[in-house]
Amino acid sequence: MLDRSQDLERIALIEALNVMDPALGRSLDPVTELAAFTFGTAIALISIVDADSQRFISRVGLALERTDRHHSICSCALQSSGILQIEDLRQDPRFHDNPLVAGPEQMRFYAGAPLVTRNGIALGTLCLMDRTPRVLTADEQRQLQTLARIVVNQMELKMSLGRREPISGLPNRQQFQADLSVLGRQDGGSQFTGVLLDVFDLQSANDAGQALGLKPVESLLRQASLRVQEVLGEDVQVYHVAATRFAFVVRNQSHAQVEALMKRLHERMRRPLMVGSIPMSPQFHAGLCDFRADAEEAGDLVRKCMVALNHALQTDACLCWYSADRDAHLRRRYRLASDAARGLAQDQFSLVYQPRYDLRDGQPVSAEALLRWTHPMLGPITPGEFIPVLECTALMPALSQWVIEHAFAQAARWQQLLPGFALSINLSPRDFDNANLWTGMAERLQANGLVPSQIEVEITEGQWLHSHPAALPQLRAMAAAGVRIAIDDFGSGYSNFGYLSEVPISHIKVDQSLVTGLARSRTARLKVEAIIRLAQQLGYRTVAEGVEHESELSLLRLWDCNEAQGYYLARPMSADAVTQLVLACRAGPPSDIESD
């Protein structure tokens, strides 16, 4: 009998090779027919023994497609080093009551050659059966073994189709995944480390392909694959799993040993490679992950290595180990992206409003609509977490339309109670992909009885304006109609006054990262004062975000900043609370922030 570890390894390989595929059986039928003809037997079978049954994937002379493994004669042949030959099954105590012997088939003779793969695993047999006793000669036994090798070669050839990367000739991702499955069955006790290696920037490869054609780029990848194989040696199988990515697995090595190996590989890979007549330096980024060779961990290895590799790419590190915390963060982001559409349909989103104050008289003059999400399972999700996620999805424009609809309705109610009180909304770069953005907004304004001057649109500063050709015309149309345009988060990134001349803005909102703690930072004071002074000279109104202390407010007043917003003045609140706040301020006495 096969021991359990051998049997698990064999069953895993059966799955990896997909030998139960009917197409493989049909391709093997000529071999089976040749065996029956050559040896003059009534029956010839290609039998695969899996976990609980014996299946005949190709057969001549037998209608039966499978039998219980307990009744499998071929199970005994799997353990044979050569041909298992039984002259008369009826006389053999192991098989005399076998259904194929004692039943209607009345089989007497059996000869089976194990189907042994290159790594020494027997999957089944090529077997002959007849209704009269007989013995194969030595020459006939060699012929049967030759046919068995042909069957195995055909299986492995069929398996390799679609599982090799034609550029490098290495096994591809599908084969890597299949081999990981086998690994999980054959060696569950060892500790392994998976490595995913990126050797060339895709953009650089694309640029080189456009300039030189694909052949030089393919040559570079072949050279890179050879270097990886040279360093790792024959004991480690390398896989070409994506255009510029390779993978491999090392066994029973400490982190220090693996990192030493990666250092040698890095030194070798960073030497220039020739692309056409141009020497190019391959990049080197690797994601590493320890795993046990069980089905669950092996099956999830590629994904975890991708998590680590992407971290290495983002931080420009040579290598990064897999982090469960980072993985959980990425999975949470994906969950938020996938749950947002349902959240919008189920009214999980809501709006709060943060007042903005005029620093001349201390009166609240507008409020910014801020989106909130209360997830039924995760609870309140901060905008700083979900907005960047949703901005990468196709849902963001729909969410912005939801904000426009609800915020404009609230602005209309305020105009009845708080005449002249303005509302600002935030629009994402993705919103400007919609050529009818302003048309739709104008219709909502009219439907709610609002005039454009009561609305302010906030957009983030940045180079995105140049990559969204529809943005500037729509912003100009909004401004021409009277909508105020504000640049949000100014000073946090791009911060270029030069491009502002292209955008019809009226307000600049100084980012809270500069304003909060302003009194304690000389550098921040210099920056904020310079921004305010220059903005005023260019004719823009300035708004300071993130005001949290009186000292910050005093400096902003000193520099003649026009408006301010922040927790020191008012936190985000419900629409009703805004109404009560504004009514109270308008009724007097003067607010605490009114200048002396």
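In this report, the structure presented in the accompanying data block is examined.

Definitions and cut-offs
Residues numbered from 1 in each chain as written. Predicted model: local features only at pLDDT ≥ 70, side-chain atom pairs only at ≥ 80, totals over all residues. Heavy atoms only, no water. Helix = DSSP H or I, 4+ residues; strand = E, 2+ residues; numbered from the N terminus. Rg over C-alpha atoms; globule rule 2.2 N^0.38 Å. Contact = heavy atoms within 4.5 Å. Areas by Shrake-Rupley, 256 points an atom, 1.4 Å probe, with all protein chains shown as cover. Phe/Tyr/Trp six-rings, centres within 6.5 Å; stacked < 30°, edge-to-face > 60°. Lys NZ or Arg CZ within 6 Å of the ring centre and 35° of its normal. Expected span 1.5 Å × (residues − 1). Bend = angle between axes of the 7 residues up to and from the residue. Buried < 20%, exposed > 50% of the residue type's maximum accessible area, 1.4 Å probe, protein only. Core = buried A, V, L, I, M, F, W, Y, C linked by side-chain atoms within 4.5 Å. Salt bridge = Lys/Arg side-chain N within 4 Å of Asp/Glu carboxyl O. Pairing = 2+ DSSP bridges. Axes fitted to C-alpha atoms, helices over the stretch in contact; angles between N-to-C directions.

## Focus: the overall build of the protein
Moving on, step 1. Of regular secondary structure, the protein possesses 22 helices and 22 strands.
Moving on, step 2. Taking 2.2 N^0.38 as the reference for a compact globule, 596 residues should give roughly 25 Å; the C-alpha atoms of the protein span a radius of gyration of 36 Å, well beyond that estimate.
Moving on, step 3. Expressed along its principal axes, the backbone C-alpha trace of the protein runs to roughly 115 × 55 × 40 Å.
Moving on, step 4. If you take every contact in the protein between residues at least 6 apart in sequence, the share linking residues at least 24 apart comes to 66%.
Moving on, step 5. Total accessible area on the protein stands at roughly 27,900 Å², and carbon and sulfur atoms take up 51% of it.

## Some words on the packing of aromatic side chains
Moving on, step 1. Enumeration according to the criterion identifies seven aromatic pairs in this entry.
Moving on, step 2. Where Phe349 meets Phe386, the ring centres are 5.9 Å apart and the plane angle is 70°; that geometry is what we call edge-to-face. Here Phe386 lies in helix H13 (residues 383-390) and Phe349 lies in strand E14 (residues 349-358), a separation of 37 residues in the sequence.
Moving on, step 3. For the ring pair Tyr353 and Trp414, a centre distance of 5.0 Å and an interplane angle of 70° mean the geometry is edge-to-face. Here Tyr353, found in strand E14, pairs with Trp414, found in helix H14 (residues 396-417); they are 61 residues apart in sequence, far enough to count as distant.
Moving on, step 4. Over the ring of Phe109 we find Arg134; its NZ or CZ atom is 5.5 Å from the centre of that ring.

## A short note on helix H12 (residues 324-345)
Moving on, step 1. Between its terminal C-alpha atoms H12 stretches 32 Å, which fits the 32 Å expected from 22 residues at 1.5 Å a residue.
Moving on, step 2. Where H12 bends most, the angle comes to about 40°, and this point is Asp339.
Moving on, step 3. Residues of H12 that are buried include every one of Asp327, Leu336, Asp339, Ala340, Gly343 and Leu344, and no others.
Moving on, step 4. Looking at the buried positions of H12, the neighbouring elements they touch are helix H11 (301-315), E14, strand E15 (364-375), strand E16 (379-381), H13 and H14.
Moving on, step 5. Just past H12, the residue Asp347 takes up positive phi, approximately 60°.

## Some words on the nonpolar core
Moving on, step 1. Of all hydrophobic cores here, the largest spans 79 residues; its most connected members are Leu423, Ile425, Met441, Ile459, Met478 and Leu556.
Moving on, step 2. No other element matches H14, which puts 10 residues into this core.
Moving on, step 3. For Ile459, the residues in contact, after removing those within four places along its chain, are Leu427, Phe432, Trp464, Leu465, Leu475, Ile485, Ala486, Ile487, Asp488 and Val503.
Moving on, step 4. If you look at the next biggest cluster of nonpolar residues, it comprises 31 residues, including Met20, Ile46, Ala148 and Val182.

## Side note on the pattern of salt bridges
Moving on, step 1. Under the definition given, this model contains 29 salt bridges.
Moving on, step 2. Salt-bridge contacts for Glu458 lead to Lys509; the nearest nitrogen and oxygen are separated by 3.0 Å. A residue pair is termed long-range when its members are at least 10 positions apart, and Glu458 in strand E18 (residues 455-460) and Lys509 in strand E20 (residues 507-510) qualify at 51 residues.
Moving on, step 3. What you see here is one network of salt bridges that share partners, running through Arg356, Asp358, Arg360, Glu368, Glu456, Glu458, Arg484, Lys509, Arg541, Glu545 and Glu563.

## Let's talk about the pairing of strand E1 (residues 43-49)
Within a regular strand, side chains alternate between the sheet's two faces.
Moving on, step 1. When you tally the buried positions in E1, you get seven out of seven residues, the bulk of the element.
Moving on, step 2. Burial along E1 is two-sided: the residues Ile43, Leu45, Ser47 and Val49 and Ala44, Ile46 and Ile48 are all buried.
Moving on, step 3. Relative to strand E6 (residues 122-130), E1 runs antiparallel, the two being bridged by six bridges. Paired with Ala44 across the strands is Leu128, a residue of E6.
Moving on, step 4. Connecting E1 to the next strand, strand E2 (residues 53-60), in antiparallel fashion are three residues.

## Section: the sheet that holds E1
Moving on, step 1. One open sheet holds the six strands; their spatial order is E3-E2-E1-E6-E5-E4, and the pairing between them is antiparallel. The sheet is open, and its two borders are formed by strand E3 (66-68) and strand E4 (84-86), each paired with just one other strand. Put simply, the sheet's adjacent strands are angled 20° from each other on average, direction ignored.
Moving on, step 2. Most of the contacts of helix H2 (residues 22-39) go to E2, to which it runs at about 70°, and overall it touches E1, E2 and E6.

## Notes on unusual backbone geometry
Moving on, step 1. Even without being a glycine, Asn252 presents a positive backbone phi close to 55°.
Moving on, step 2. On the basis of relative accessibility, which here comes to 47%, the residue Asn252 falls in the partly exposed class.
Moving on, step 3. Phi angles above zero are rare outside glycine, and Asp489 is one such case at about 60°.
Moving on, step 4. Considering the arrangement of structural elements, one finds Asp489 in strand E19 (residues 484-490).
Moving on, step 5. Taking relative accessible area as the criterion, Asp489 reaches 24% and is therefore assigned partly exposed.

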